[in-house]
Amino acid sequence: MMLLKNKNIAIIGGGPGGLTLARLLQLKGANVKVYERDFNREVRVQGATLDLHAETGLKALDEAALMDAFKANYRPDNDKLRVLDEDLNIIYDQHAEIDSVDFGHEHFRPEIDRGPLRDILLDSLKPDTVVWNSHIISLESVDQSWKITFQNGSTAIADIVIGADGANSKIRKYVTPIKPFYTGVTVLIGNIPFSEKNAPTLHELLKGGKVMALGASKTISLSEKGDGSLDFYIGYHKDENWSVTSGIDFNDNAQVLNWFKDEFAGWNSDWHELFATEGVMFIPRPLYCMPLDQTWDAQPNITIIGDAAHLMPPYAGEGVNMAMLDALQLSESLSDNRFTSLRSAIANYEKQMFVRFSEMGKITLDNTDAMHSSEGKESLLKIIGLAQNDDHSK
């Protein structure tokens, strides 16, 4: 811990990666603050359920001494997947299979909602570790430290800054000029409250787990959440700026439904339940990925983890897992007395991260392309088959 002695560490972003890193560093005695733009911890947590993997997310939680809390909050059977065609015919059903894996097995991927996971991590931190309502607007290097300025007018000084601030990271540009590229696929994201009442056909198909429907180079992903709502991701090929140029008012259910009827012509009308609930927010999101060969020279007092470091599409279930493993490997590097400088410790973490992302990013891009091809169903079934023999696929 010599490298971190008397050092103030600022983690920008209070997602799973940033909070895991804060927990791991505090266990090692480091002085850490997490700056999060949410107004407080009661802000509703958006996003689909997360499946954690043995060698990444679960490994980090184990090192953070939080596995018991995770086991008390995860959602058994929420990882079970049904694969459908456009007409809602079930062509693969994990619910029909006999469970053969559990904690400790390399292919066990238990699911947890983002909210409970965040609560587990927040509750593990020292009081006042997280500084809420701290939306960063600028970073300035001052005498080998960093001055951080926030939208609310406050400032902070830190010896080390770690960007865990996601896809639109404000920290990344201080580490590297490398930009992400558009994958060619856009998703329309939404959440339907009380899905048993508001989308009964789709709710029943979920059976407490996940659904992936594929056809005509398009996908619809559904996931049941613990609060009784249903998350959906609709994936399709569009130009990068389609969401801006389409002319669709994504706050208008009728307009979005009309688009869906045209774009997904031939799909069963039961899918229209996704657009039947007033007040649902539809968010179009073009999917980006960092270049698989990205590298940069390590700096002595700043680095990035998670999507800020290696943004990629969601079609391998690796985003949060990679972020939590980043947190583990960075905490190990920073506390390893074999390193004589912070720069060498950061370089050790970044070297591991570059290699991991290059491998996992390729798998993710391959999955994204395959599932949004004319052979999408066959491709997903092949991916599922490979997953039983390959811990890197899903």
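On to the overall build of the chain. When helices and strands are counted, the chain shows 12 helices and 17 strands. Computed over its C-alpha atoms, the radius of gyration of the chain comes to 21 Å, within 12% of the 21 Å expected for a compact globule of 394 residues. In terms of principal-axis extent, the alpha carbons of the chain reach across some 60 × 50 × 40 Å. Of all 394 residues assigned to the chain, the portion counted as buried reaches 56%. Looking at the chain alone, contacts between residues at least 24 apart form 73% of all its contacts between residues at least 6 apart. Accessible surface, the chain as shown: approximately 17,400 Å² in total, 48% of it carbon and sulfur. Charge separation in the chain, taken as the distance between the mean sites of 38 positive and 56 negative side-chain charges, equals 6 Å.

What follows covers the packing of helix H1 (residues 16-27) against helix H4 (residues 114-123). Axis separation between H1 and H4 bottoms out at 9 Å; the angle between their running directions is 20 degrees. By the angle class used here, H1 and H4 are roughly parallel. Regarding H1 and H4, the two cross each other, and that crossing is left-handed. Contacts between H1 and H4 pair Pro 16, Leu 19 and Thr 20 from the former with Arg 114, Leu 117, Arg 118, Leu 121 and Leu 122 from the latter.

If you look at soluble globular proteins, the nonpolar side chains tend to sit buried side by side. Counting residues in hydrophobic clusters, the biggest one holds 67 residues, and the most contacted among them are Ile 9, Ile 11, Leu 61, Ile 148, Val 161, Ile 162 and Leu 334. In terms of residues, this core owes the most to one element, helix H10 (residues 319-334), which gives seven residues. Setting aside anything within four residues of it in sequence, one finds Ile 9 in contact with Leu 4, Leu 25, Ala 30, Asn 31, Val 32, Lys 33, Ile 160 and Ile 162. Of all hydrophobic cores here, the second largest spans 30 residues; its members include Val 256, Leu 257, Trp 271 and Phe 275.

The next point concerns the environment of Pro 200. With respect to the helices and strands, the residue Pro 200 is situated in helix H6 (residues 200-206). With sequence-adjacent residues up to four places away left out, Pro 200 is seen in contact with Ser 195 and Glu 273.

Moving on, we get to the packing of H10 against helix H11 (residues 342-371). Put simply, H10 and H11 touch, their axes get as near as 8 Å, and they point 155 degrees apart. Considering the angle they form, H10 stands roughly antiparallel to H11. In this structure, the crossing between H10 and H11 has a hand that is right-handed. Where H10 abuts H11, its residues Met 322, Leu 325, Asp 326, Gln 329, Leu 330, Ser 333 and Leu 334 lie against Leu 342, Ala 345, Ile 346, Asn 348, Tyr 349, Gln 352, Met 353, Arg 356, Phe 357 and Met 360. Residue composition of the contact of H10 with H11, by class: 11 nonpolar, four polar and two charged.

To continue, consider the pattern of salt bridges. Inspection of the entire model under this criterion finds 13 salt bridges. In this structure, Asp 231 and Lys 225 form a salt bridge, with 3.6 Å as the shortest nitrogen-oxygen distance. When its relative accessible area of 6% is taken as the criterion, Asp 231 is described as buried. Classification of Lys 225 as buried rests on a relative accessible area of 7%.

In the predicted model, the chain carries a mean pLDDT of 93, and the fraction of residues at 70 or more is 95%. Scored below 50 in pLDDT, residues 388-394 shows 22 contacts in the model against residues more than four places distant or in partner chains.

Together, Arg 37, Lys 170, Lys 173 and Lys 179 give the surface a local cluster of positive charge. Along the polypeptide, Arg 37 turns up in the loop between strand E2 (31-35) and strand E3 (50-51). Among the residues examined, Arg 37 registers a relative accessible area of 56% and is labelled exposed.

To continue, consider the packing of aromatic side chains. Enumeration over the complete set of coordinates arrives at 17 aromatic pairs. Judged by centre distance (5.0 Å) and plane angle (75 degrees), the ring pair of Phe 264 and Trp 267 falls under edge-to-face. We note that Phe 264, like Trp 267, is buried. What links up through ring pairs into an aromatic cluster is the set Phe 232, Tyr 236, Trp 242, Phe 250, Trp 259, Phe 260, Phe 264, Trp 267, Trp 271, Phe 275 and Phe 282. In this structure, Lys 218 packs its charged tip against the face of Phe 264, placed 5.8 Å from the ring centre. The ring of Phe 339 is capped by Arg 338, whose NZ or CZ atom sits 5.9 Å from the centre of that ring.

Our next topic: unusual backbone geometry. Positive phi, close to 70 degrees, is recorded for Leu 88, a residue that is not glycine. For Leu 88, the position within the fold is in the loop between strand E4 (81-84) and strand E5 (90-93). Although it is not a glycine, Lys 207 adopts a positive phi angle of roughly 55 degrees. When you line up the elements, Lys 207 lands in the loop between H6 and strand E13 (210-215). A residue is classified by how much of its surface remains accessible, and Lys 207, at 49% relative accessible area, is partly exposed.

Secondary-structure assignment places Asn 31 in strand E2. Look at Asn 31 and you get partly exposed, because its relative accessible area is 41%. Separated by 353 residues in sequence, Asn 31 and Ile 384 have C-alpha atoms that sit 43 Å apart. A polar contact is formed between the side chain of Asn 31 and the side chain of Asn 8, at a distance of 2.4 Å.

Calculation criteria
- Residues numbered from 1 in each chain as written.
- Predicted model: local features only at pLDDT ≥ 70, side-chain atom pairs only at ≥ 80, totals over all residues.
- Heavy atoms only, no water.
- Helix = DSSP H or I, 4+ residues; strand = E, 2+ residues; numbered from the N terminus.
- Rg over C-alpha atoms; globule rule 2.2 N^0.38 Å.
- Buried < 20%, exposed > 50% of the residue type's maximum accessible area, 1.4 Å probe, protein only.
- Contact = heavy atoms within 4.5 Å.
- Areas by Shrake-Rupley, 256 points an atom, 1.4 Å probe, with all protein chains shown as cover.
- Lys, Arg positive; Asp, Glu negative; His and termini not counted.
- Charge placed at Lys NZ, Arg CZ, Asp CG, Glu CD.
- Axes fitted to C-alpha atoms, helices over the stretch in contact; angles between N-to-C directions.
- Parallel < 35°, antiparallel > 145°, perpendicular 65-115°, else oblique.
- Left-handed = near helix turned anticlockwise from the far one by under 90°.
- Core = buried A, V, L, I, M, F, W, Y, C linked by side-chain atoms within 4.5 Å.
- Nonpolar A, V, L, I, M, F, W, Y, C, P; charged D, E, K, R; others polar.
- Salt bridge = Lys/Arg side-chain N within 4 Å of Asp/Glu carboxyl O.
- pLDDT = per-residue confidence, 0-100.
- Patch = residues over 30% accessible without salt bridge, like charges linked within 9 Å, V, L, I, M, F, W, Y side chains within 5 Å.
- Phe/Tyr/Trp six-rings, centres within 6.5 Å; stacked < 30°, edge-to-face > 60°.
- Lys NZ or Arg CZ within 6 Å of the ring centre and 35° of its normal.
- Polar contact = N/O pair within 3.5 Å; in protein donor to acceptor, adjacent residues only side chain to side chain.

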